[in-house]
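Results of the structural survey
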Amino acid sequence: MAIDSNSLTVLSYFSGLSVAELEVIKQSFFEKTIQRGEMIFLEEEPADILFFLISGIVKLFKTSAQGKEQIISLARPYEVLNDISIFDNGPNPMSAQAMSTVTLYGIKKGRLEVILRQHPQVSSRIIQVLATRTRQLISLVEDLSFKHVIGRVAKILLEHTGDGAGPGQRLTQQEMAAMAGTAREVVARSLKAMEERGLIRLERHRIVISDKNALQEMINQEV
Amino acid sequence: MIQMPEINQDKCNLCGLCIEICRCGAIILVGNIVSFIEIEECHWCTLCEAICPTGALTCSFEIIIEER
């Protein structure tokens, strides 16, 4: 399949380039289609190709030594998937798996380096993209290290329980995140941690608090 | 009646990402409207809510205390 220069203009790395410049740059790209469930790259493997997601959804995740999966993010179309390993020459910090049929644009590292030399404004855009991501990660580090989010989520759960007489208030993970002042992913992780400690059970569309006292203790310790 | 995630059609931009990510086929496009079909296979994974770029899709939880 031919590379579509309109798709390249939407990629943050190449915004602001002229049509003529994009026509030249697109010659360096190739297209790849991946089926749902297939792996795109694996954690700790070396990377030689930079991938941009053009259509579909990609799960970026890490796997612990115990085989536990932690989703870092769900990439949407026009996001770059593996710039860290391409630019720091290290292995992939996470794995990527197609969550639907996925179309990728790929470019070999060597070809990208030529583009960066010929079009310095692309380097500026990449610095901006990486700086934005660093800012997001700093915010995440703050959440995980200082804010004791799990205690806040526990408090939200206890404050929003139904009285048993009728249906309780319903909350989405996004709403809990907004209340706790954190990201949705951190709420999901907190709920999972509470479930693993036997404090709650996640049942389809219900969160069942199975140990209210332990949850209260968690709040007292952490808030 | 099976409880299913909800969609705010005013916020939906018809990007289709929820349909792509759904593992159980519960989300379909009917004409120009993203709709849910009631199926037992929906395990409330909340991936559709996570991927929705406009916040149109919500998977809410009822919070209850277990009777002992």
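Residues numbered from 1 in each chain as written. Chains lettered and ligands numbered in written order. Predicted model: local features only at pLDDT ≥ 70, side-chain atom pairs only at ≥ 80, totals over all residues. Heavy atoms only, no water.

1. A look at the overall build of chain A
Defined as follows: Comment: elements are numbered from the N terminus, with helices defined as DSSP H or I runs of at least four residues and strands as E runs of at least two. Restricting the calculation to C-alpha atoms gives the radius of gyration, and the globule rule supplies 2.2 Å times the number of residues raised to the power 0.38. Relative accessibility thresholds used throughout: buried, under 20% of the residue-type maximum; exposed, over 50%; partly exposed, between the two (1.4 Å probe, protein chains only). Residue contacts are defined here by distance: any two heavy atoms, one from each residue, within 4.5 Å place the two residues in contact. All accessible areas in this document rest on Shrake-Rupley with a 1.4 Å probe, and a residue is counted as covered only by the protein chains that are shown. Note on charges: Lys and Arg go in the positive column, Asp and Glu in the negative column, and His and the chain ends are not counted at all. For the purpose of locating charges, the reference atoms are NZ of Lys, CZ of Arg, CG of Asp and CD of Glu.
Along chain A, the regular secondary structure elements total 9 helices and 10 strands. Relative to its length of 223 residues, chain A is extended, with a C-alpha radius of gyration of 22 Å against a globular reference of 17 Å. Principal axes of the C-alpha set define a box for chain A whose edges measure 65 × 35 × 35 Å. Expressed as a percentage of its 223 residues, the buried residues of chain A come to 43%. For chain A, the share of sequence-separated contacts (at least 6 apart) that also reach a separation of at least 24 residues comes to 67%. Carbon together with sulfur atoms contributes 53% to the accessible area of chain A, which is approximately 11500 Å² in total. Positive and negative side-chain charges of chain A, numbering 26 and 26 respectively, have mean locations separated by a distance of 2 Å.

2. Focus: the sheet that holds strand β2 (residues 39–41) of chain A
Residue and element names in this part refer to chain A. Defined as follows: The rule for pairing is simple: two strands pair if DSSP sees at least two bridges between them. Here an angle of 0 to 180 degrees is reported between the N-to-C directions of two axes, which are lines fitted to C-alpha atoms, with helices fitted over the stretch in contact.
Ordered in space as β2-β6-β4-β5, the 4 strands form an open sheet in which the pairing is antiparallel. In this open sheet, the two edge strands, each paired with only one partner strand, are β2 and β5 (69–75). Here the strands of the sheet are splayed against their neighbours by 30° on average, with no regard to which way each runs. Bridge count for strand β4 (residues 58–63) against strand β6 (residues 95–98) is 4 bridges, and the pairing is antiparallel. Directly across from Leu60, in β6, lies its bridge partner Ala96.

3. Observations concerning the pairing of strand β3 (residues 49–55) of chain A
Residue and element names in this part refer to chain A. Counting buried positions over the 7 residues of β3 gives 5, a clear majority of the element. Across 6 bridges, the pairing between β3 and strand β7 (residues 102–108) is antiparallel. If you follow Phe52 over to β7, its bridge partner there is Tyr105.

4. Notes on the sheet that holds β3(A)
All names here are of chain A. Read across the open sheet, the 3 strands follow the order β1-β7-β3; overall the sheet is antiparallel. The two strands at the open ends of the sheet, each matched to only one other strand, are β1 (29–34) and β3. Strand-to-strand twist across the sheet, computed as the mean angle between neighbouring axes with direction ignored, equals 30°. The strands that helix α4 (residues 109–118) touches are β3 and β7; relative to β7, the one it contacts most, it runs at about 70°.

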